[in-house]
Amino acid sequence: MLKDITLGQFFPGTTIVHRLDPRVKLVLTFVYITALFLAKGVLGYVLMALVLLTCSLLSKIGIKAILRGLKPIIIIILFTVVLNIFFIRGQTILFEYRFIVITREGLFTAAFMASRLLMLIIGTFLLTYTTSPIALTDGFEQMLSPLKKFRLPIHELAMMMSIALRFIPTLIEETDKIISAQKSRGADFESGGLIKRAKAILPLIIPLFISAFRRADELATAMESRCYNGGEGRTRMKVLHAEARDYIALACSAVVVTTVILLRGLAFGQI
């Protein structure tokens, strides 16, 4: 299960999605999430699914990598679906037995919520799949650079985000090694009830925290030995420049949002 967590991983490539300005990709991701929550009705969700499919094909990220990243959150999606099916009341009752009532409105709501969660997660995963942590940090810092006038530590926040993304795969690998070491000593993490499994995880927490603090201390020492001093006066090896493809992508996102709003109006019967 731990090996299926792909958040923070970067798949190098030369596709048009990889070559987009990281600032533009951050804006596009925000616009995509906004449009996804504005979408209403079947047509709105079909449009967002087509947008996501197009971005996935253009990025050339394998379907196996995307599906592998969805495995850890399948339980959350199923839990959301069950809640909507049994707790959303409607007028058209499809099944009723004592206190269990399933309505057509509940099924539709569950389907829409599951679709929204899946598209939301895949869309945000595509951002990290196609953007290196360094480029993502530079884009984030430059977008928030006007806030430096208010003495906000924008560079430090961007650096923290970069380090966090960089060390997610490392900590996952470290956790997998600790689990393998504990299993070789007779530890059992798979049998028993929920409480027993929770207690079995406790021996993993202490060595994982020790390893994380040790890596943080080593990283701080390495940065100090190299006289690292972020903030004003620091230059970048790659300067970000928006190109024609970036403006075309922003224009396409504006068209998508406008279409979603029109379809939302149609769904509510306002147009």
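Residues numbered from 1 in each chain as written. Predicted model: local features only at pLDDT ≥ 70, side-chain atom pairs only at ≥ 80, totals over all residues. Heavy atoms only, no water.

*Asks:* So what's going on with the confidence of the model for the protein chain? Residues and values would help.
*Replies:* On average, residues of the protein chain score 82 in pLDDT, and 91% of them are at 70 or above. Across the protein chain, the element-wise mean pLDDT spans from 75 in strand β1 (residues 93–97) up to 92 in helix α1 (residues 22–38). (pLDDT = per-residue confidence, 0-100. Helix = DSSP H or I, 4+ residues; strand = E, 2+ residues; numbered from the N terminus.)

*Asks:* Help me get a handle on the pairing of β1, residues and values and all.
*Replies:* Relative to strand β2 (residues 100–103), β1 runs antiparallel, the two sharing four bridges. Among the inter-strand pairings, Ile93 is bridged to a residue of β2, identified as Thr103. A loop of two residues connects β1 with β2, the two strands running antiparallel in sequence, and Arg98 in this loop sits at a positive phi of about 55°. (Pairing = 2+ DSSP bridges.)

*Asks:* Give a description of the nonpolar core that names residues and reports values.
*Replies:* Within the largest apolar cluster, 28 residues are counted, with the highest numbers of intra-cluster contacts made by Met48 and Met119. The set of elements that each furnish at least two residues to this core consists of α1, α2 (41–59), α3 (63–70), α4 (74–87), α5 (104–130) and α9 (244–267). Among the elements that make up this core, the one with the highest residue count is α5 (nine residues). Every residue in contact with Met48, bar those within four places of it in the chain, is listed here: Tyr32, Ala35, Leu36, Ala39, Met119, Val256 and Val260. (Core = buried A, V, L, I, M, F, W, Y, C linked by side-chain atoms within 4.5 Å. Buried < 20%, exposed > 50% of the residue type's maximum accessible area, 1.4 Å probe, protein only. Contact = heavy atoms within 4.5 Å.)

*Asks:* Could you give an account of helix α6 (residues 133–143), with specific residues and numbers?
*Replies:* Looking at α6, one finds that the buried residues are Pro133, Leu136, Thr137, Asp138, Gly139 and Glu141. The inward-facing, buried residues of α6 contact α1, α5 and α7 (154–184).

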